[in-house]
Amino acid sequence: MTSSICISRHPIIPPAANPFSPKITLFRSLYFTNANSAAAIRCSLRRPDYIPNRIPDPKYVRIFDTTLRDGEQSPGATMTTKEKLYIARQLARLGVDIIEAGFPASSDADFDAVKLIAREVGDADSDHIPVICGLARCNKRDIEKAWEAVKYAKKPRIHTFIATSEIHMKYKLKMTPEQVIDKARSMVAYARSLGCNDVEFSPEDAGRSDREFLYRILGEVINAGATTLNIPDTVGYTLPTEFGQLIADIKANTNGIENVIISTHCQNDLGLSTANTLAGAHAGARQLEVTINGIGERAGNASLEEVVMALKCRGDQLLDGLYTGINTQHIIMASKMVEEYSGLRVQPHKAIVGANAFAHESGIHQDGMLKHKNTYEIISPEDIGLLRSNESGIVLGKLSASTLFFGDVVQLGYDIDGKELDDLFARFKAVAGNKKTITDDDLIALVSDEVFQSQVVWKLGDVQACICPTCLD
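Residues numbered from 1 in each chain as written. Predicted model: local features only at pLDDT ≥ 70, side-chain atom pairs only at ≥ 80, totals over all residues. Heavy atoms only, no water.

On to the packing of helix H8 (residues 240–253) against helix H9 (residues 273–283), then. In the contact formed by H8 and H9, the axes pass within 8 Å of each other and the chain directions differ by 30°. Relative to H9, H8 is oriented roughly parallel. Crossing handedness for the pair H8 and H9: right-handed. Residues Pro-240, Phe-243, Gly-244, Ile-247, Ala-248 and Lys-251 of H8 lie in contact with H9, whose contacting residues are Ala-275, Asn-276, Ala-279, Gly-280 and Ala-283. The residue makeup of the contact of H8 with H9, split by class, is seven nonpolar, three polar and one charged. (Axes fitted to C-alpha atoms, helices over the stretch in contact; angles between N-to-C directions. Helix = DSSP H or I, 4+ residues; strand = E, 2+ residues; numbered from the N terminus. Parallel < 35°, antiparallel > 145°, perpendicular 65-115°, else oblique. Left-handed = near helix turned anticlockwise from the far one by under 90°. Contact = heavy atoms within 4.5 Å. Nonpolar A, V, L, I, M, F, W, Y, C, P; charged D, E, K, R; others polar.)

Listed below in structure tokens is the structure:
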């Protein structure tokens with residue numbers, strides 16, 4: 001774990017000792033490293049005023065984070081109420097527009113967590129206050145529990161859903177298409193009747209649903225008062241071209257679509273969730289549902305850091321200037337918090353936040369990095385809040401070039417050349433073949449062992465021992 005990150009002067013964890021989790025000390029020490037030498041980062045990003053069913057700037061994309069709901073559905077990822085609150089606070093600093101804080105009807109613990117986040121994060125005195133959302137199935141009990149939990153936020157939202165694919169309606173719901181439409185329409189209207197003016201509707205398994213049926217049910221829930229229509233690729237079935245076309249078709253064929261926000265929710269079963277999400281945004285979706293580190297059911301969700309950085313890196317060139325309100329310099333801290341609290345470790349080669357994402361071992365890559373960082377890095381690590389101890393992210397290993405190795409030896413203060421240096425490099429390559437990463441301590445030990453040994457004056461050539469009785473006497 002990197003120990004030189006400093007995101008902001010505002011602590012994630014309250015300064016007083018906290019009895020709820022022994023993991024908190026880790027974040028306090030990580031968070032304040034170099035705090036005295038770093039300026040506080042304030043979110044000065046563009047963010048249009050929040051209107052539930054409309055975005056004043058057509059280029060702005062809302063980020064809907066469901067780490068605390070869908071993300072927690074990852075096997076083994078259960079988090080405590082306090083841990084969820086800390087993550088929600090970090091998500092607010094990150095600048096997410098909507099936090100789906102949980103599924104209030106699923107358990108008393110989830111209800112309490114959503115309610116606490118609505119009070120503490122959704123009603124905070126800060127520059128940016130996110131929408132706090134609770135998930136509900138299309139039934140009155142779920143919707144009432146969701147409203148009871150989120151209503152304390154300044155900007156509360158109810159997110160209700162029902163399946164619309166033939167396989168789900170027939171085998172799971174055991175309902176006819178007309179029954180599903182009636183249920184969706186009546187429950188969206190019921191959510192609005194409780195006093196919630198921000199209602200999101202999702203046709204579950206939209207990626208495998210009949211298009212004409214989708215247009216009908218979406219038109220009905222718009223008439224009933226839905227403000228956001230989320231289009232889930234629930235089982236990660238579609239390819240980017242298909243999903244982009246799905247969003248475009250919904251936009252072109254749904255009555256009243258101009259009065260709502262279109263959203264995406266892409267699962268990662270085929271490893272395409274980020275690509276599908278970007279395709280949806282390009283086709284007209286202006287809310288993207290994501291999770292930190294891409295955690296979630298089965299293979300997970302579209303990753304917030306991947307989607308946001310793709311928009312930041314390529315938005316102007318290939319995505320018609322789309323942009324978000326995310327302060328990307330808070331990404332690393334959010335990733336580390338979710339990794340620690342969920343217990344789901346980030347794979348080393350994970351895009352953006354993996355341990356190897358900004359590390360370079362190949363000699364060819366290292367040479368390019370030393371000459372110009374953009375040769376092998378399309379994103380600056382500082383953009384996501386990562387400060388490397390090695391400015392170029394270079395890691396010594398078995399693939400490293402001799403010039404880089406020689407340079408590191410000189411930096412350590414050794415004046416070695418000629419055959420001694422060649423022999424030392426040969427020893428280094430042998431060690432690196434068995435040890436993934438070579439540290440300064442390893443180099444010092446190699447130099448000491450190879451170079452700074454006493455000069456050989458004489459050596460023992462042979463020893464013979466006689467064990468006959470005469471000699472033993």
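Turning our attention to the nonpolar core. Grouped together as the largest cluster of nonpolar side chains are 91 residues, with contacts concentrated most on Leu-94, Ile-99, Phe-201, Leu-229 and Ile-231. In this structure, Leu-229 is in contact with Phe-201, Leu-218, Val-221, Ile-222, Ile-257, Val-260, Ile-261, Ile-262 and Ser-263, ignoring residues within four places of it in sequence. (Core = buried A, V, L, I, M, F, W, Y, C linked by side-chain atoms within 4.5 Å. Buried < 20%, exposed > 50% of the residue type's maximum accessible area, 1.4 Å probe, protein only.)

This brings us to the packing of helix H6 (residues 177–193) against helix H7 (residues 211–224). Where H6 contacts H7, the two axes come as close as 8 Å, and the packing angle between them is 25°. Taken together, the axis directions place H6 and H7 in an arrangement best described as roughly parallel. Where H6 crosses over H7, the two elements pack in a sense that is right-handed. When H6 is examined against H7, the residues Pro-177, Glu-178, Val-180, Ile-181, Ala-184, Arg-185, Val-188, Ala-189 and Arg-192 are found in contact with a partner set consisting of Phe-213, Arg-216, Ile-217, Glu-220, Val-221 and Ala-224.

Moving on: the sheet that holds strand S8 (residues 287–290). Here eight strands make up a closed barrel; going around it, the order is S1-S2-S3-S4-S5-S6-S7-S8 and the pairing parallel. The sheet shows a mean angle of 25° between the axes of neighbouring strands, direction not considered. (Pairing = 2+ DSSP bridges.)

Attention now goes to the packing of aromatic side chains. Under the defined criterion, the tally for this structure stands at two aromatic pairs. Look at Tyr-60 and Tyr-323: their rings are 5.3 Å apart centre to centre, the planes differ by 70°, and that puts the pair in the edge-to-face class. Within this pair, whereas Tyr-60 is found in the loop between helix H1 (24–32) and strand S1 (62–65), its partner Tyr-323 is found in the loop between helix H10 (304–318) and helix H11 (331–342), the two being separated by 263 residues in sequence. Across the pair, exposure class does not vary: Tyr-60 and Tyr-323 are buried alike. Ring plane angle 35° and centroid distance 6.4 Å describe the contact between Tyr-86 and Tyr-341, whose orientation is recorded as tilted. With Tyr-86 in helix H2 (residues 81–94) and Tyr-341 in helix H11, this pair connects stretches of sequence that are 255 residues apart. (Phe/Tyr/Trp six-rings, centres within 6.5 Å; stacked < 30°, edge-to-face > 60°.)

Here we come to the confidence of the model for the protein. With 70% of its residues at a pLDDT of 70 or more, the protein has an overall mean of 81. Scored below 50 in pLDDT, residues 1–44 shows 82 contacts in the model against residues more than four places distant or in partner chains. Within the model, the stretch residues 409–414 combines pLDDT values under 50 with nine contacts to residues more than four positions away or in other chains. (pLDDT = per-residue confidence, 0-100.)

In this model, helix H3 (residues 108–120) (13 residues) spans 18 Å end to end at C-alpha, consistent with the 18 Å of a helix rising 1.5 Å per residue. By the burial criterion, the buried members of H3 are Asp-110, Phe-111, Ala-113, Val-114, Ile-117 and Ala-118. Angular distribution of buried residues about the axis of H3 spans 165°; they occupy a single face of the element. Its buried side turned inward, H3 meets H2, strand S2 (98–102), strand S3 (131–137) and helix H4 (140–150). (Expected span 1.5 Å × (residues − 1). Arc of directions from axis to C-beta.)

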